[in-house]
Amino acid sequence: MNIAVLASGNGSNLQAIISAVRAKKIKAVLKVVFSDKADAYALTRAKKAGVPVVAHMSAKDFSSREAFDAAVVALLKKEKIDLVVLAGYMRILSSVFIKAYRDRILNIHPALLPAFKGAHAISDAFGYGAKITGVTIHLVDEEVDHGPIVAQASVEIKPKDTLAILTARIHKIEHALYPRTIDAFLRGKFKVVGRVIKRRG
Ligand code: GRF
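Residue positions are given per chain, counting from 1 as you read along its sequence in written order. The predicted nature of this model means local features are confined to residues of pLDDT at least 70 and side-chain atom pairs, given and counted, to a pLDDT of 80 or more, with totals for whole chains, interfaces and linings taken over all residues. To get the side-chain values, all heavy atoms of the structure are used, and hydrogens and water are removed first.

Caption draft 1: Here's a closer look at the overall build of the protein. The number of helices and strands found in the protein is six helices and nine strands. The C-alpha radius of gyration computed for the protein amounts to 16 Å, which stays within 12% of the reference 17 Å derived for 201 residues, consistent with globular compactness. Referenced to the eigenvectors of the C-alpha coordinate spread, the extents of the protein come out at roughly 50 × 40 × 35 Å. Residue burial in the protein is summarised as follows: out of 201 residues, 48% are buried. Excluding contacts between residues fewer than 6 apart, the proportion of contacts in the protein whose partners are at least 24 apart in sequence is 60%. A 1.4 Å probe and the Shrake-Rupley method give the accessible areas. Residues count as covered only by the protein chains that appear here. By element, 56% of the accessible surface of the protein is carried by carbon and sulfur atoms, the whole surface being about 9900 Å². Two residue types count as positive, namely Lys and Arg, and two as negative, namely Asp and Glu; His and chain ends fall outside the count. Where a charge lies is defined by one atom per residue type: Lys uses NZ, Arg uses CZ, Asp uses CG and Glu uses CD. Where the 32 positive side-chain charges of the protein centre and where its 17 negative ones centre are 8 Å apart. Here a helix means four or more residues in a row that DSSP labels H or I, a strand means two or more in a row labelled E, and each is numbered from the N terminus. A radius of gyration in this sense is built from C-alpha atoms; the matching globule rule multiplies 2.2 Å by the number of residues raised to 0.38. Throughout this description, buried means an accessible area under 20% of the type-specific maximum (1.4 Å probe, protein chains only), exposed means over 50%, and partly exposed covers the range between. Whether two residues touch is decided by their heavy atoms; if any such pair falls within 4.5 Å, the residues are in contact.

Caption draft 2: Spotlight on the site of the ligand. Whether a residue is near a molecule or strand depends on its heavy atoms: it is near if one of them lies within 4 Å of it. Lining the immediate environment of the ligand, one finds Asn10, Gly11, Ser12, Asn13, Gly88, Ile108, His109, Pro110, His171 and Glu174. Throughout this description, a polar contact denotes any pair of N or O atoms lying within 3.5 Å of each other; where both atoms belong to protein, one of them has to be capable of donating a hydrogen while the other can accept it, and for residues adjacent in sequence the pair is counted only when both atoms sit in side chains. With respect to the ligand, the side chain of serine 12 contributes an N or O atom lying 2.5 Å from an oxygen atom. Asparagine 13 has a polar backbone atom sitting 2.8 Å from an oxygen atom of the ligand. Coverage of the ligand by the protein amounts to 85% of the 370 Å² it exposes when considered alone.

Caption draft 3: Representation of unusual backbone geometry. A cis geometry characterises the amide bond from leucine 113 onward to proline 114, with omega recorded as 10°. Positionally, proline 114 belongs in the loop between strand S5 (105–109) and helix H5 (121–128). Even without glycine at this site, lysine 80 takes up a positive phi of about 55°. Among the secondary structure elements, lysine 80 is positioned in the loop between helix H3 (65–78) and strand S4 (83–86). Given a relative accessible area of 61%, lysine 80 falls into the exposed group. In this structure, phenylalanine 116 is a non-glycine residue whose phi angle is positive, near 55°. Checked against the element boundaries, phenylalanine 116 lands in the loop between S5 and H5.

Caption draft 4: How the structure looks around the layout of surface pockets. The volume enclosed by the largest pocket comes to roughly 820 Å³. Around the largest pocket sit 38 residues that line it, and Gly88, Tyr89, Met90, Asn107 and Ile108 are the ones nearest its centre. For the lining of the largest pocket, the secondary-structure elements that each account for two or more residues are helix H1 (12–22), S5, H5, strand S6 (132–139) and helix H6 (163–186). The biggest single contributor to the lining of the largest pocket is H6, with four residues. Both cavities and pockets are sets of points on a 1 Å grid over the protein atoms alone; in a cavity a 1.4 Å probe fits but cannot get out, in a pocket the set is open with protein on both sides within 12 Å along at least five of seven lines, and lining residues sit with an atom within 4 Å of a point. Grid points are joined across faces, edges and corners, and a volume is the space filled by probe spheres set on the points.

Pasting the structure below:
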């Protein structure tokens, strides 16, 4: 199995995936790391780790979202990617992308969906005064932060937390949950029934 990670920023989740692949905790080849941002630190991490294909394309070089996504999909197909893993990829996927990899795109979101959708989920939950937030891993469909939920973990927001402390606690959970879920997903442990995903065995 070949996986690709798409990231726009720091890439700490990518780093957790790189470590898990090395330790054979994810039984797959991390073949491609792609970013829409030339300066994404994720690209540096991927190069350091020796990922075979480390690629960047900028959306401003394309006439539409669909044209950009078609180019990304062409790259993924060329490299025979089986599973697309979004890890801080800050673009909404067009239907061109979703159709090409339906039920084979995972995303990680730093809140318990459907609460706190969007790009500022950690600070939104913190500012709202939630007492429990968490991490969601879901399949990507045409709606933002909406697809069937594969895995979730809750994270307590403690009275003395700052946003920085909470952010670090959430990332720690992400770095454990994402590799484990990716591996289970690749090994066919999940069955998609409508929008409900059931774990087999
Ligand atoms: C993570 O919190 C993830 O849940 C969200 O974007 C962040 C990416 O962080 N989608 P990193 O680039 O993996 O460090």
